[in-house]
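# What the coordinates show
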Amino acid sequence: DRDGWPPMKASLAASPDDPGLQFAAALIAAGRDRAAYIDHARRARAGAQQDPLVARNLSHIAGAQ
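Here the structure is a predicted model, which means the values were calculated and not measured.

## Comments concerning the overall build of the protein chain
Per the secondary structure count, the protein chain includes 4 helices and 0 strands. For 65 residues, the compact-globule estimate of 2.2 N^0.38 gives 11 Å, and the C-alpha radius of gyration of the protein chain, at 11 Å, lies within 12% of that figure. Judged by the C-alpha coordinates and their principal axes, the protein chain covers about 30 × 25 × 20 Å. Put simply, the protein chain has 65 residues, and 32% of those count as buried. Counting every atom, the protein chain has about 4,200 Å² of accessible surface; 52% of that belongs to carbon and sulfur. Computed over 8 positive and 7 negative side-chain charges, the separation of the two mean positions in the protein chain equals 3 Å.

Below, the structure written as structure tokens:
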């Protein structure tokens, strides 16, 4: 029952270019804010070459193409 968005926002503020955080933010935003979901998914895809784990899991986020 906890909301993960406030800690995610703080993490993104500290490391906005982290593709893993962008991927996680896309997952958290998926059910609450479609525009934020698409933006975070796009950023995760853009940084995937820096993070092999994100690259392997991009298929779990739609709209990241």
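## Topic: the pattern of salt bridges
All told, the structure shown has 3 salt bridges when counted by the stated rule. Close ionic contact of Asp-3 with Arg-32 constitutes a salt bridge, the shortest N to O distance being 2.8 Å. Within this pair, whereas Asp-3 is found in the segment before α1 (5-14), its partner Arg-32 is found in the loop between α2 (19-29) and α3 (34-47), the two being separated by 29 residues in sequence. Each member of the salt-bridge network shares a partner with another, and the members are Asp-39, Arg-42 and Arg-43.

## Section: the packing of α1 against α2
Close contact between α1 and α2 brings their axes to 10 Å; oriented N to C, the two are set at 155 degrees. Put simply, α1 runs roughly antiparallel to α2. Between α1 and α2 lies a crossing of left-handed hand. The segment α1 lies against α2, with Trp-5, Met-8, Ser-11 and Leu-12 engaging Leu-21, Gln-22, Ala-24, Ala-25, Ile-28 and Ala-29.

## Quick look at α3
An ideal rise of 1.5 Å per residue puts 20 Å on 14 residues; α3 measures up with 20 Å between its terminal C-alpha atoms. Three or more residues of α3 are buried, namely Ala-36, Tyr-37, His-40, Ala-41, Ala-44 and Gly-47. Along the axis of α3, the buried residues cluster in a sector spanning 135 degrees; they form a single face. Exposed side chains of α3 directed beyond 90 degrees from the buried face belong to Arg-34 and Ala-35. The inward-facing, buried residues of α3 contact α1, α2 and α4 (52-57).

Conventions used here
- Residues numbered from 1 in each chain as written.
- Predicted model: local features only at pLDDT ≥ 70, side-chain atom pairs only at ≥ 80, totals over all residues.
- Heavy atoms only, no water.
- Helix = DSSP H or I, 4+ residues; strand = E, 2+ residues; numbered from the N terminus.
- Rg over C-alpha atoms; globule rule 2.2 N^0.38 Å.
- Buried < 20%, exposed > 50% of the residue type's maximum accessible area, 1.4 Å probe, protein only.
- Areas by Shrake-Rupley, 256 points an atom, 1.4 Å probe, with all protein chains shown as cover.
- Lys, Arg positive; Asp, Glu negative; His and termini not counted.
- Charge placed at Lys NZ, Arg CZ, Asp CG, Glu CD.
- Salt bridge = Lys/Arg side-chain N within 4 Å of Asp/Glu carboxyl O.
- Axes fitted to C-alpha atoms, helices over the stretch in contact; angles between N-to-C directions.
- Parallel < 35°, antiparallel > 145°, perpendicular 65-115°, else oblique.
- Left-handed = near helix turned anticlockwise from the far one by under 90°.
- Contact = heavy atoms within 4.5 Å.
- Expected span 1.5 Å × (residues − 1).
- Arc of directions from axis to C-beta.

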